[in-house]
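For reference, the chains in residue letters:
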Amino acid sequence: VNQQFQDFFSALYFSVVALSTVGFGDMVPVTAAGRAVTVVSIVVGLCIIPYQASLVAAAVAEEQQKGEQKRNPAMADTNAEALLTYLEQSRAQLAWDAARIAELEDREREERARVAALEEEARSSANEQRHG
């Protein structure tokens, strides 16, 4: 038994100092069991506290959203309508983009065919000059 931890307040003080990573060093576990308990407490605290904080934050955000919807019920419908409008505009933009891409691909094919024809004409002309 560690003589430094004579009462509950001393143990609580040590726990807060250790878990907060302040670590003043004025109280330390001296037995292997005490050190093991301290290490486990710190590791568990490092895992549990952020998890619980995220749960609290999610709950607060959800309550705020519910409160806003209660204060303004039309907001949910407005959000749905806005989303639907955005999706319709996106669909129209995608259709226009697809048509433009098809037009550009057709132009590219025509240009490639024209270049191939010009290359063939240049080869034929070069052959005629060599042979003629």
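It should be noted that the structure appears before, not after, this text.
Rules of the game
Residues numbered from 1 in each chain as written. Predicted model: local features only at pLDDT ≥ 70, side-chain atom pairs only at ≥ 80, totals over all residues. Heavy atoms only, no water. Helix = DSSP H or I, 4+ residues; strand = E, 2+ residues; numbered from the N terminus. Rg over C-alpha atoms; globule rule 2.2 N^0.38 Å. Buried < 20%, exposed > 50% of the residue type's maximum accessible area, 1.4 Å probe, protein only. Expected span 1.5 Å × (residues − 1). Contact = heavy atoms within 4.5 Å. Arc of directions from axis to C-beta. Patch = residues over 30% accessible without salt bridge, like charges linked within 9 Å, V, L, I, M, F, W, Y side chains within 5 Å. Areas by Shrake-Rupley, 256 points an atom, 1.4 Å probe, with all protein chains shown as cover. Salt bridge = Lys/Arg side-chain N within 4 Å of Asp/Glu carboxyl O.

Caption draft 1: Looking closely at the overall build of the protein chain. A tally of regular secondary structure across the protein chain gives three helices and zero strands. Secondary structure elements in the protein chain, listed N-terminal to C-terminal, are α-α-α. Taking 2.2 N^0.38 as the reference for a compact globule, 132 residues should give roughly 14 Å; the C-alpha atoms of the protein chain span a radius of gyration of 37 Å, well beyond that estimate. Taken over the C-alpha atoms alone, the protein chain extends approximately 115 × 55 × 20 Å along its principal axes. Within the protein chain, the fraction of its 132 residues that count as buried is 8%.

Caption draft 2: View of helix 2 (residues 32–71). For helix 2, spanning 40 residues, the distance from its first C-alpha to its last is 58 Å, which sits close to the expected 58 Å at 1.5 Å a residue. Among the residues of helix 2, those classed as buried are Thr38, Gly45 and Gly67. Packed against the buried residues of helix 2 are helix 1 (8–19).

Caption draft 3: Expanded view of helix 1. An ideal rise of 1.5 Å per residue puts 16 Å on 12 residues; helix 1 measures up with 16 Å between its terminal C-alpha atoms. Ser10, Phe14, Val17 and Ala18 are the residues of helix 1 that are buried. Here the buried residues of helix 1 occupy an arc of 95 degrees about the axis, which is enough to place them on one side. Projecting away from the buried face of helix 1 at angles above 90 degrees are the exposed residues Phe8 and Phe9. Against helix 2 lie the buried residues of helix 1.

Caption draft 4: How the structure looks around the side chain of Thr38. With respect to the helices, strands and loops of the structure, Thr38 is situated in helix 2. For Thr38, a relative accessible area of 15% gives the class buried. If we ignore the near neighbours within four places in the chain, the residues touching Thr38 are Phe14 and Pro29.

Caption draft 5: Representation of a nonpolar patch on the surface. Together, Phe8, Phe9, Leu12 and Val16 make up an exposed nonpolar region whose accessible area comes to about 460 Å². Mapped onto the secondary structure, Phe8 falls in helix 1. By relative accessible area, Phe8 is classed as exposed at 66%.

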